[in-house]
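Here are the chains, one letter per residue:
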Amino acid sequence: MNSKIWLSSPHMGGAEHQFVQEAFDTNWVAPLGPHVDGFEKDLSDFLGGNQHVAVLSSGTGALHLALVMLNIGPTDEVFCQSMTFSASANPIKYVGATPVFIDSEKDTWNIDPNYLEDAIKNRIADGKKPKAIIVVHLYGMPAKMKEITEIAGKYEIPVIEDAAEALGSHINGQMCGTMGTMSILSFNGNKIITTSGGGALVSSDKQYIDMSKFLATQARDDAPHYQHSHIGYNYRMSNISAGIGRGQMQVLPSRINKRRDIFDQYVTHFGGAPGVSFLEEPKGFFSNRWLSTLTIDPLKANGVTREKLRLALFENNIESRPLWKPMHLQPVFKNCLFFGNNVSDKLFENGLCLPSGSNLSDNDLERVFTIMKATFRF
Ligand SMILES: *Cc1c(COP(=O)(O)O)cnc(C)c1O
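Residue positions are given per chain, counting from 1 as you read along its sequence in written order. This being a predicted model, a pLDDT of at least 70 is required before a residue's local features are given, and a value of 80 or more before pairs of side-chain atoms are given or counted; all residues contribute to the totals for chains, interfaces and linings. Note that water and hydrogens are dropped before the side-chain values are worked out from all heavy atoms of the structure.

Caption draft 1: Summary view of the nonpolar core. Nonpolar core, defined: a set of buried Ala, Val, Leu, Ile, Met, Phe, Trp, Tyr and Cys residues in which side-chain atoms within 4.5 Å join the residues together. Each residue gets one of three labels from its accessible area relative to the maximum for its type: buried under 20%, exposed over 50%, partly exposed in between, using a 1.4 Å probe on protein chains only. By size, the foremost hydrophobic cluster in this structure holds 58 residues, and its most contacted members are Leu43, Ile133, Tyr139, Leu167, Leu185 and Phe187. Throughout, the edges of the domains are those of an automatic or database domain assignment. Two domains each donate at least three residues to this core, and these are domain 1 (16-249) and domain 2 (252-376). Within the second largest apolar cluster, 33 residues are counted, among which are Ala89, Ile134, Leu201 and Leu215.

Next up, the structure:
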């Protein structure tokens, strides 16, 4: 059997080891230390230099803290893009609030500004103005942030930008992760760079970041004994993980180039296959192409479906995965409100994520292409 080809696996650059060794040598084996500060500085620089950053134990934790700091609680509603990973929505429940899900639009697969505004008007009419809007840049493709932030501004609703999949993506040079009231990043093992597990909260407002660092380290008041006037969390990133992150930052630009190159190769080979479509970048949009994805129109693809392709790859020890199953279709959220018209349902039905890791060899990619060609008979 050929060795397993993964969708997206960790890809170390080389310097990570030295940073981790340095943490051991200096005994900074703790959730604070010079690598934590260094990684935050690296991220802030990468994002353009005007951002404050707190590195945390996960992207999910970063979202949780963002909702806590916006004082969102049990009587509140929070809007969230339906088509996303459950980690975008779960923190809404952590604070006891109610999620309301919004459909995607076809140009970016992200939150549809029209349905967003319809939904805001609808909820305001019921006396339930949403307390925040969680926007996601799926697979690295930026959402229509200009339209979204205009609407959010008009109704004075904070935007939480879930940029977990979009480090390095931008719109006309403005980086994803800098366009929300607060933004979050993830360094989980399958993301474009990884710290083995980790995340970050980003904001141009230093108060949020200072507060998040305080809350993430058990909310200890300034006193010689342990004194607390807030509920705290244990969400800070360790100095060891941050050392891995500093090494990964050195190779982030090359990781983005490689992921984009892999996407281009899929388009070159299969752009003309019957029924197959790839998501193009709208003008001015730059995607890090975290995962290469395609959709298959089963009426035009001579009987090939995304499931048929997935199984053909699986039988050859190649991992692929359907697009995110929208949250409004998830059993756990089945009673939540949804505004939309089946765009995300259709994407889920017909879309597939293909092997996309920056450590795939030419040989690995050839194996994937061969199976795909045989399946499409193309
Ligand atoms: C990975 C991911 C998260 C969660 O990040 P973790 O660091 O794994 O907690 C949140 N949102 C999206 C869209 C993600 O892909």
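Caption draft 2: Structural context of the pairing of strand β1 (residues 52-56). Only runs of H or I of at least four residues qualify as helices and only runs of E of at least two qualify as strands under DSSP, and these elements are numbered from the N terminus. Among the five residues of β1, four are classified as buried, and the element is accordingly described as predominantly covered. A pair of strands counts as paired when DSSP detects no fewer than two bridges linking them. Pairing of β1 with strand β9 (residues 199-203), which is carried by five bridges, proceeds in the antiparallel orientation. Bridging from a neighbouring strand, valine 53 pairs with valine 202 of β9.

Caption draft 3: Looking closely at the packing of helix α9 (residues 306-315) against helix α11 (residues 362-376). In this description, a line fitted to the C-alpha atoms serves as the axis of each element, helices being fitted only across the stretch in contact, and the angle between N-to-C directions of two axes falls anywhere from 0 to 180 degrees. For the pair α9 and α11, interaxial distance at closest approach is 10 Å and the crossing angle is 135°. Between α9 and α11, the angle falls in the class oblique. Two packed elements cross with a definite hand, and for α9 against α11 that hand is right-handed. In this structure, α9 uses Leu309, Ala312 and Leu313 to contact α11, whose residues at the interface are Val368, Ile371, Met372, Thr375 and Phe376. In terms of residue class, the contact of α9 with α11 is made up of seven nonpolar, one polar and no charged. If an angle is under 35 degrees, it is roughly parallel; if it is over 145, roughly antiparallel; if it lies from 65 to 115, roughly perpendicular; otherwise it is oblique. A crossing counts as left-handed when the near helix is turned anticlockwise from the far one by less than a right angle, and as right-handed when that turn is clockwise. Note on definitions: a residue-residue contact is assigned when non-hydrogen atoms from the two residues lie within 4.5 Å. Residue classes follow a fixed rule: Ala, Val, Leu, Ile, Met, Phe, Trp, Tyr, Cys and Pro count as nonpolar, while Asp, Glu, Lys and Arg count as charged, and any other residue, Gly among them, counts as polar.

Caption draft 4: Looking closely at the sheet that holds strand β3 (residues 98-102). Taken together, eight strands build an open sheet; the order of strands is β1-β9-β8-β5-β4-β2-β3-β14 and the sheet is mixed. The open sheet has two edge strands with one neighbour each: β1 and β14 (337-339). Strand-to-strand twist across the sheet, computed as the mean angle between neighbouring axes with direction ignored, equals 20°. Summarising the sheet, strand β2 (residues 77-81) and strand β4 (residues 133-136) pair through two bridges and their orientation is parallel. When the sheet's bridge partners are listed, cysteine 80 is paired in β4 with isoleucine 134. Taken strand by strand, helix α2 (residues 34-46) contacts β1, β8 (182-186) and β9, and its axis lies near 130° from that of β1.

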